[in-house]
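Fold and geometry: a report
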Amino acid sequence: MNWEQLLSLKRQGDTGKRLRIEQDETRLGFEVDYDRIIFSSAFRSLQDKTQVIPLSKTDFVHTRLTHSLEVSVVGRSLGRLVGKKILEKYPYLQEVHGYQMNDFGAIVAAASLAHDIGNPPFGHSGEKAIGEYFSIGNGLKYKELLSAKEWQDLVDFEGNANGFSVLNSSRPGVEGGIRLSYATLGAFMKYPKESLPKKPTKNIADKKYGFFQTDKNFFKEVASDMGMIANKKGDDIGFERHPLAYLVEAADDICYTIIDFEDGINLGLVSEDFALEYLIKLVKDSIDTSKYKTLETKEDRISYLRALAIGSLINDAVKVFVENEEAILKGEFPFALTDKSKYKAQMDDIIKISVKNIYQSREVVEKELVGYQIIQTLLDKFVTAYNNKFDGKMSNYDNLVLKMLPEKHHLEKENLYERLLHICHFVSMLTDGNALLIYRTITAAKN
């Protein structure tokens, strides 16, 4: 892979190249990507989607929206620091093509901002609830009517693939979704493969999948246009990662490791003593002890340690990337950057205690149980009504259920797989609160 191709400003529907040297510096294409994501309704809905604590009324707990904004800030720093090193190593990128250090930051920031845009309500349990509706629920009856890859898309419903669809799917009058640059889409594509074969290797890029069968052709176009390296045989589609996807992943890893831990401490699920024990290992080289001693509240002390810890992890991730840049360009770096971090053991320790004290806390478990019931009920009601309408067997109840669909979801889908995916997409884009409201309406629940 080569950087000139990887930093493509091309957008879906373009017939020619967009040259960096011809860009308006006051309205750079990569920065337009960020703006388009910010103003999209899909991004706005993240303000009422779970990060750690579902349906939490606590002021300081993160939602998917605040998490995504923080990941984008970390991603921008990672991108700029790496961009500076890349331009020093390949000066022609700047001298001939006009690329700047901030371009890398803008690409990674935009992709990081969008990294959770396809996630269903109620956190990762939302993905599992959709998948299990098809694998062991009422949706199992559709298995024999679908291809193996179509079925795998549903039983392993994946927020990353859904996000790619959110960003790029056309509907009448809106061709190509929000039309991001190929470079930003490449950085967004952490898992550049289809749902089968499942985990064919231990390569980090094969851990999950990144696109549904409906988006396969455009995904191939984006990856091929940027010169990403194909790594699957026969009819299977898969590529080695776009290099900047490693930075998006690192930004997410850094934020959820440190900031979810911070939430747990502020909620009282993790003691402050644990915070000091675990975080101090990340900041021992940068902490100003005298300043730390002047901080009087737990929140201020933890906030200070969190900021320093994120700084340490950013600098380390940049170091790992730069040291392995040539292997990454050859498609020969099958790890996450944090896997090779000198702080890996410390991050693993923090994640371990977060899993025990936060992710498996009673409040989280109770709300995830509620989320399961809500999502599976909504899927069943809407899938049944949508298919009954297509088959000409729609009841009055089905008609009433379909009236709950927003106008933009009133589309005719001739293909069963596309109908099922369409309803999954609708449910996945609901906020936690709206999913609960529709559930109560459809089931006539009072609480």
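The protein chain has the name DGTPase in an unreviewed UniProt entry, where Flavobacterium gilvum is given as its organism.

**Thoughts on the overall build of the protein chain**
On a plain count of helices and strands, the protein chain comes out with 21 helices and zero strands. Counting every position in the protein chain, which comprises 447 residues, the buried fraction comes to 54%. If you take every contact in the protein chain between residues at least 6 apart in sequence, the share linking residues at least 24 apart comes to 73%. Positive and negative side-chain charges of the protein chain, numbering 59 and 64 respectively, have mean locations separated by a distance of 2 Å.

**Re the layout of surface pockets**
Considered as a void within the structure, the second largest pocket measures approximately 1,000 Å³ in volume. Lining the second largest pocket are 36 residues, with S165, V166, S169, R171 and H425 sitting closest to its centre. Broken down by secondary-structure element, the contributors of at least two residues to the lining of the second largest pocket are α3 (41-44), α9 (159-168), α11 (216-225) and α20 (416-428). For the lining of the second largest pocket, the leading source of residues is α20, giving five residues.

**Some remarks on the pattern of salt bridges**
This structure, assessed with the given rule, holds 23 salt bridges. Residues R27 and D35 are paired through a salt bridge, measuring 2.6 Å at the closest nitrogen-oxygen approach. Relative accessible area serves as the criterion here: at 47%, R27 is assigned to the partly exposed category. Taken together, the shared-partner salt bridges in this structure form one network comprising D14, R18 and R179.

**Things to note about the packing of aromatic side chains**
The final tally for this structure, using the stated rule, is 14 aromatic pairs. Between F134 and W151, the aromatic rings sit 6.2 Å apart at their centres with planes inclined by 85°, giving edge-to-face as the arrangement. Here F134 is found in helix α7 (residues 124-135), whereas its partner W151 is found in helix α8 (residues 148-155), with 17 residues between them in sequence. Grouped by ring-pair contacts, the aromatic residues F164, Y182, F211, F218 and F219 constitute a single cluster.

**Details of the environment of E132**
With respect to the element layout, E132 can be found in helix α7. In this structure the C-alpha to C-alpha distance between E132 and F157, which are 25 residues apart in sequence, comes to 9.0 Å. Among all residues touching E132, those that are not within four sequence positions of it are G137, Y372 and Q376.

**So, the environment of G371**
Topologically, G371 is positioned in helix α18 (residues 362-390). Put simply, G371 and A435 are 64 residues apart on the chain and 8.7 Å apart in space, counted from C-alpha to C-alpha.

**Description of the UniProt feature "domain: HD" (unreviewed entry) in the protein chain**
UniProt feature "domain: HD" (unreviewed entry): in the numbering of this structure it lies at residues 64-257. The span residues 64-257 carries 54% helix and 0% strand; its end-to-end C-alpha distance comes to 14 Å.

**Some thoughts on the packing of α18 against helix α21 (residues 432-443)**
Contact geometry for α18 and α21: axes closest at 10 Å, N-to-C directions at 60°. Judged by the inter-axis angle, α18 sits oblique to α21. As α18 packs across α21, the resulting crossing turns out to be left-handed. Between α18 and α21, the residues in contact are Q373, I374, T377, L378, K381 and F382 and A435, L436, I438, Y439, I442 and T443, respectively. In terms of residue class, the contact of α18 with α21 is made up of eight nonpolar, three polar and one charged.

**Let's talk about helix α4 (residues 64-89)**
Helix length check: α4, at 26 residues, gives a terminal C-alpha distance of 36 Å against a target of 38 Å (1.5 Å per residue), a fit within 8%. The backbone nitrogen of L65 has a side-chain oxygen 3.2 Å away, supplied by the residue at the start of α4, namely T63.

**Overview of the side chain of S312**
Summarising the element assignment, S312 is placed in helix α15 (residues 298-323). For S312, a relative accessible area of 12% translates into the label buried. Here S312 is in contact with L282, V283, S286 and Y343, once residues within four sequence places are set aside.

**Things to note about the environment of L402**
Position of L402 among the secondary structure elements: in helix α19 (residues 396-402). The exposure class assigned to L402 is buried, which follows from its relative accessible area of 6%. Residues L402 and Y386, 16 residues apart in the sequence, show an inter-C-alpha distance of 7.1 Å. Discounting chain neighbours no more than four positions away, the residues touching L402 are F382, A385, Y386, K389, M394 and H410.

**Regarding the side chain of D398**
Its location among the elements puts D398 in helix α19. Despite being buried, D398 has no salt bridge partner; K381 is the closest side chain of opposite charge, sitting 8.2 Å away. Excluding residues within four positions of it along the chain, D398 makes contact with A385, N388 and K393.

What counts and what doesn't
Residues numbered from 1 in each chain as written. Predicted model: local features only at pLDDT ≥ 70, side-chain atom pairs only at ≥ 80, totals over all residues. Heavy atoms only, no water. Helix = DSSP H or I, 4+ residues; strand = E, 2+ residues; numbered from the N terminus. Buried < 20%, exposed > 50% of the residue type's maximum accessible area, 1.4 Å probe, protein only. Contact = heavy atoms within 4.5 Å. Lys, Arg positive; Asp, Glu negative; His and termini not counted. Charge placed at Lys NZ, Arg CZ, Asp CG, Glu CD. 1 Å grid on protein atoms, 1.4 Å probe; cavity = no way out; pocket = protein on both sides within 12 Å on 5 of 7 lines; lining within 4 Å. Points joined across faces, edges and corners; volume = space filled by probe spheres on them. Salt bridge = Lys/Arg side-chain N within 4 Å of Asp/Glu carboxyl O. Phe/Tyr/Trp six-rings, centres within 6.5 Å; stacked < 30°, edge-to-face > 60°. UniProt positions renumbered as here; feature names shortened; annotations may be inferred. Axes fitted to C-alpha atoms, helices over the stretch in contact; angles between N-to-C directions. Parallel < 35°, antiparallel > 145°, perpendicular 65-115°, else oblique. Left-handed = near helix turned anticlockwise from the far one by under 90°. Nonpolar A, V, L, I, M, F, W, Y, C, P; charged D, E, K, R; others polar. Expected span 1.5 Å × (residues − 1). Polar contact = N/O pair within 3.5 Å; in protein donor to acceptor, adjacent residues only side chain to side chain.

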